[in-house]
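# Topology and contacts: notes
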Amino acid sequence: MSAFSAVKILPSHPIATVRSASHKPSAAPFLSSPSFSSPLLHNSSSSQSLRSRPLLAVSSDVLSSQKPLGSPSSASNPVVTREEALEVYEDMVLGRSFEDMCAQMYYRGKMFGFVHLYNGQEAVSTGFIKLLSNADSVVSTYRDHVHALSKGVPARAVMAELFGKETGCCRGQGGSMHMFSAPHNVLGGFAFIGEGIPVATGAAFSAKYRHEVLKESSPHGLDVTLAFFGDGTCNNGQFFECLNMAQLWKLPIVFVVENNLWAIGMSHLRATSDPEIWKKGPPFGMPGVHVDGMDVLKVREVAKEAIARARRGEGPTLVECETYRFRGHSLADPDELRKPDEKAHYAARDPITAFKKYILENNLASESELKMIEKKIDDVIEEAVEFADSSPLPPRSQLLENVFADPKGFGIGPDGKYRCEDPKFTQGTAQV
Amino acid sequence: MAAALQMAALVSSLSNLITSGKSRPGSLIRSPAGRKGGILVVRSDGRISGGFSASPRGGNLIANAVAAKAEAPASSTPSKSGHELLLFEALREGLEEEMDRDPRVCVMGEDVGHYGGSYKVTKGLATKYGDLRVLDTPIAENSFTGMGIGAAMMGLRPVVEGMNMGFLLLAFNQISNNCGMLHYTSGGQFKIPIVIRGPGGVGRQLGAEHSQRLESYFQSIPGLQMVACSTPYNAKGLMKAAIRSENPVVLFEHVLLYNLKERIPDEEYVLCLEEAEMVRPGEHVTILTYSRMRYHVMQAAKTLVNKGYDPEVIDIRSLKPFDLYTIGNSIKKTHRVLIVEECMRTGGIGASLRSAIIDNFWDYLDAPIMCLSSQDVPTPYAGTLEDWTVVQPPQIVAAVEQLCQ
């Protein structure tokens, strides 16, 4: 894997460890001076030597060696309240259990096609999306089940969609890669990478438009849009074009890069001339932040500030979350290229295990309470599968529905009537 | 009485046009298609009748008769005298009226704001509505089209301008995957009421890349509606209809038609997106065309009329979906079809239209459907070569003569 030559050695930055045990989280420095000359790097790597091993990304000090965030000495002042901690824990367990069940169902032949699972990256989804209100939007990629769940789409709706049933959130018409939910402002679910970023930019534009042109102002500020995408997308033109436009018009958007180091079988380091994605924010004028994506609390702190910035109208932020997917790219991926020691390294940093440990060490909840949450989630997932199993498949009459919002778009047929007025249309058998 | 005087004025102006030699293409009699209002039929012998009629025939030579749509009432003659303007001004008028009417309508594109649009369609709008509502975008077609789609999903009604339709090839990803398909893929949860418009077609020696006809590339995209305007009257009407439509609509304008002048009604009107326009009723052959080729056809029609033919000319306007009713009625009457288009021969609108006609009206055909399209070549720069890539009136005349043997 080290066939290529150069691993970029970072020029010396003032590496400010934003996270120390006594540091107050609310004063996260990157927002105070949006100067692009010195983006503050939350890079908790202690050594440059790690970077010369191309397969491992910069590791976090939180869970491995040093004291965890909010060590027992600061148990009296934890970063999250008990309620927040339980909410976060439950959401991460939901994401993990759901994805595990998806794998099971896939291998049992209940769902087909391309299914991309999110195991290992839950901290990013939970860390960001749990801070949003319902009016805020989320745009994702094909790895979108957990983003939809975090945003509030019921597990049964997502599972039914995966099974291709008419009770799915998209009536079975979208599938794994196209999770949409208008009531929860989940704007998809896109199969081509990079495709969702302009859509997210548009959603952010509409938030600004509503505020400035339509004069619909809300006391809590602009509605924020989160765009989630991976490391592979960061080499795509749409990414850069949207960074430019979002900063140009100070759109209320946060670009969240889920850098799991692999684009199917293409290592990020083999595909990218400068693999440090957070550095690509400042050239466009926005802050670029790197955060350990396996630590949900760190992600949450960064997310709080980025979202608050966007809400205040200060513009976009580029957040690179260093994370890892425990499974292959999709359920069809044999996952042969990733080395076992890399996988082991990240498996040891499982965000759920780590957060559970944090909760227990800080006495935010008891072991039995956490077990109850896990049991509750198991029930939710089981119910979701039952619901999906027992739901009907879409009937033929659904075939031609929703192609056009205004079905007159099917045109005027030979008999002079709009084709959608043809009685056979509602059976899906009309010739259009 | 005022009405009669007005009618008389209209008739005399019609006859002026007929005798004025070089026809100004834009001054062709507006053929009111649409399902509102009453219609006016002017017969060649000067009689005027209201109400519906079958094809007005009288005398050997049919002048440029006002179209009569057999079924529905077409748009009304202006009760006032209307106002004259150029096609790009008509587009702007339609856009401005819609922007006044609905604050969610916004415009995005390159140079649409301060510059006023490369063809001046959005001139003055940025001063009136502000820089956010008439948004000057950077040169990133794929992304700003996607941005328009995202904004549409969240409730705005954007009008995205491609400075030249060919540039929208860069936005093909967004137009195909998101614009056309998202409504279906989301199970109907999000609608995309976007209008994508811009000038296309072969101009005056603009070179291959600025002379593209994208209607053939976009026509397979499910969920997308396509219309092509050709006169100031239908340009304004289609622009308004496209903006009001809940579907994503691609409005094809033509570079050479922006300076057509026509008198259009003062009162508000919206045309039907899915309908075709009867330009000239006839008996012998149905000529289906759209956009700039309409004018080549009408020019050929003059020659044909002088030779004793009576072509029926229909501007199909709606490129996707086709108005098979109007087309079918015409074929049932004439039994011969000639399609004249500016698309390439391969995979163009004509090819689809031909197969749609064969599917539906095979029994009514007395002759094979002829389709005149552009040559399958990249449009050359040299003027002579460029002229030979597109269909010219003599070819149309020859084709009709061959069809009617």
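Our structure's up above, just so we're on the same page.
This report concerns the structure included in the present document.

Reading the values: the criteria
Residues numbered from 1 in each chain as written. Chains lettered and ligands numbered in written order. Predicted model: local features only at pLDDT ≥ 70, side-chain atom pairs only at ≥ 80, totals over all residues. Heavy atoms only, no water. Helix = DSSP H or I, 4+ residues; strand = E, 2+ residues; numbered from the N terminus. Buried < 20%, exposed > 50% of the residue type's maximum accessible area, 1.4 Å probe, protein only. Contact = heavy atoms within 4.5 Å. Areas by Shrake-Rupley, 256 points an atom, 1.4 Å probe, with all protein chains shown as cover. Pairing = 2+ DSSP bridges. Right-handed = clockwise from strand over helix to strand, strands pointing away. Expected span 1.5 Å × (residues − 1). Core = buried A, V, L, I, M, F, W, Y, C linked by side-chain atoms within 4.5 Å. Axes fitted to C-alpha atoms, helices over the stretch in contact; angles between N-to-C directions. Salt bridge = Lys/Arg side-chain N within 4 Å of Asp/Glu carboxyl O. Buried area = accessible area lost by both parts, 1.4 Å probe. Polar contact = N/O pair within 3.5 Å; in protein donor to acceptor, adjacent residues only side chain to side chain. Nonpolar A, V, L, I, M, F, W, Y, C, P; charged D, E, K, R; others polar.

With that settled, consider the overall build of chain B. Tallying secondary structure elements over chain B gives 13 helices and 16 strands in all. By the burial criterion, 62% of the 405 residues in chain B qualify as buried. The long-range fraction of contacts in chain B, counting pairs at least 24 apart against all pairs at least 6 apart in sequence, stands at 82%. Of the accessible surface of chain B, which amounts to about 14,400 Å², a share of 55% is contributed by carbon and sulfur atoms.

Time to look at the overall build of chain A. Along chain A, the regular secondary structure elements total eleven helices and nine strands. Scored against the burial criterion, the 432 residues of chain A give a buried share of 59%. Here the contacts in chain A between residues at least 6 apart in sequence split such that 74% fall between residues at least 24 apart. Put simply, chain A shows about 16,600 Å² of open surface, and 56% of that area lies on carbon and sulfur atoms.

This paragraph deals with the pairing of strand β9 (residues 317-322) of chain A. All names here are of chain A. Along β9, six of the six residues are buried, which leaves the element largely enclosed by surrounding structure. Going residue by residue along β9, you find Thr317, Val319 and Cys321 tucked away on one face and Leu318, Glu320 and Glu322 tucked away on the opposite face as well. When strand β8 (residues 288-292) meets β9, the two strands line up parallel, connected through five bridges. By the bridge assignment for β9, His290 is matched with Glu320. With helix α8 (residues 296-312) bridging β8 and the parallel β9, this β-α-β connection has right-handed handedness.

The subject of this paragraph is helix α4 (residues 141-153) of chain B. What sets the pattern is the α-helix's 3.6 residues per turn: residues three or four places apart point alike. All names here are of chain B. Helix length check: α4, at 13 residues, gives a terminal C-alpha distance of 18 Å against a target of 18 Å (1.5 Å per residue), a fit within 8%. Among the 13 residues that make up α4, 13 are buried, leaving the element largely enclosed by the rest of the structure. The first or second residue beyond α4 is Gly155, which carries a positive phi of 115°.

Core analysis: the largest hydrophobic core is formed by 130 residues, its most contacted members being Met159, Phe205, Phe255 and Phe355 of chain A together with Phe218, Ile316 and Ile357 of chain B. Of all the elements, helix α1 (residues 82-107) of chain A adds the most residues to this core, at 13 residues. Beyond its immediate chain neighbours, meaning those up to four positions away, Ile357 of chain B contacts Leu288, Ile327, Ile331, Val337, Ile339, Trp362, Leu365 and Ile369 of chain B. Residues Phe88, Val107, Ala126 and Leu238 of chain B belong to the second largest nonpolar core, which totals 38 residues.

Glancing now at the environment of Asn178 of chain B. Along the chain, Asn178 of chain B falls in helix α5 (residues 172-180). Setting aside anything within four residues of it in sequence, one finds Asn178 of chain B in contact with Phe190, Glu195 and Val199 of chain A together with Ile149, Asn173 and Ile192 of chain B.

This part takes up the pairing of strand β5 (residues 253-259) of chain A. Residues and elements named next belong to chain A. Summarising burial for β5: seven of the seven residues are buried, a large majority. Going residue by residue along β5, you find Ile253, Phe255, Val257 and Asn259 tucked away on one face and Val254, Val256 and Glu258 tucked away on the opposite face as well. Two strands pair when backbone bridges link them, and strand β4 (residues 225-230) and β5 are joined in this way by six bridges, in the parallel orientation. Counted as the bridge partner of Phe229 is Val257 from β5. In the classification by handedness, the crossover that spans β4, the intervening helix α6 (residues 237-248) and the parallel β5 is right-handed. By the bridge criterion, six bridges tie β5 to β9 in an arrangement that is parallel. From the neighbouring strand, Asn259 faces β9, where its bridge partner is Glu322.

All names here are of chain B. Taken in spatial order, the five strands make up an open sheet running β11-β13-β12-β15-β16, and their pairing is mixed. Each having just a single partner strand, β11 (277-280) and β16 (370-374) make up the two edges of the open sheet. Looking at each pair of strands side by side, their axes are set apart by 25° on average, direction ignored. Of the strand pairs in this sheet, strand β15 (residues 337-344) and β16 are connected by four bridges, and their pairing is parallel.

Right, let's get into the sheet that holds strand β14 (residues 318-320) of chain B. Picture the strands of a sheet paired through backbone hydrogen bonds; they go either parallel or antiparallel. Residues and elements named next belong to chain B. In spatial order, the strands read β5-β4-β6-β7-β9-β8-β14; together these seven strands make up an open sheet with mixed pairing. Strands with a single pairing partner mark the edges of an open sheet, and in this sheet they are β5 (134-136) and β14. Sheet twist, expressed as the average angle between the axes of neighbouring strands with direction ignored, equals 20°. In this structure, strand β7 (residues 195-200) lies alongside strand β9 (residues 249-254), joined through six bridges in parallel fashion. Looking at β9, one finds that Val195 is bridged to Val249. Sitting on the sheet, α4 is in contact with β4 (105-109), β5, β6 (157-161) and β7, with an inclination near 165° to β6.

A separate point is the pattern of salt bridges. Residue and element names in this part refer to chain A. Inspection of the entire model under this criterion finds 48 salt bridges over all chains. In this structure, Glu84 engages Arg300 in a salt bridge whose closest nitrogen and oxygen atoms are separated by 3.5 Å. Of this pair, Glu84 sits in helix α1 while Arg300 sits in helix α8, and the two are 216 residues apart along the sequence. Between Asp379 and Lys375 there is a salt bridge, and its shortest N-O distance comes to 3.1 Å.

Let us now look at the interface of chain A and chain B. The interface of chain A with chain B comprises 56 residues on the first partner and 53 residues on the second. Both sides together, the interface formed by chain A and chain B hides about 4,300 Å², and carbon and sulfur atoms give 66% of it. Summed over the shared surface of chain A and chain B, the number is 19 residue pairs in polar contact (both at pLDDT 80 or more). Listed by contribution, the elements that provide at least two residues to the side of chain A that touches chain B are β2 (180-181), β3 (186-187), α5 (196-212) and α6 of chain A. Ranked by residues supplied to the side of chain A that touches chain B, first place goes to α5 of chain A with eleven residues. Here the side of chain A that touches chain B is built from residues that sort into 28 nonpolar, 17 polar and eleven charged.

The omega torsion across Gly188 of chain A and Gly189 of chain A is 15°, close enough to zero to call that bond cis. Counting through the fold element by element, Gly189 of chain A comes out in the loop between β3 and α5. Between Lys320 of chain B and the following residue, Pro321 of chain B, the backbone shows a cis peptide bond with an omega angle of 5°. Mapping Pro321 of chain B onto the fold places it in the loop between β14 and α10 (324-334). A positive phi is found at His335 of chain B, a non-glycine position, where the angle reads about 65°. Take His335 of chain B: it is sitting in the loop between α10 and β15. Residue His335 of chain B is classed as partly exposed on the basis of its relative accessible area of 24%.

It is worth spelling out the side chain of Asn260 of chain A at this point. All names here are of chain A. Relative to the helices and strands, Asn260 is located in the loop between β5 and β6 (262-263). A residue is classified by how much of its surface remains accessible, and Asn260, at 5% relative accessible area, is buried. A distance of 2.7 Å separates a polar atom in the side chain of Asn260 from a polar atom in the side chain of Gln121. When sequence neighbours within four positions are dropped, the list of residues in contact with Asn260 reads Gln121, Arg143, Asp231, Thr323, Tyr324 and Arg325.

Honestly, that's just the spatial picture; any functional story needs more than this.
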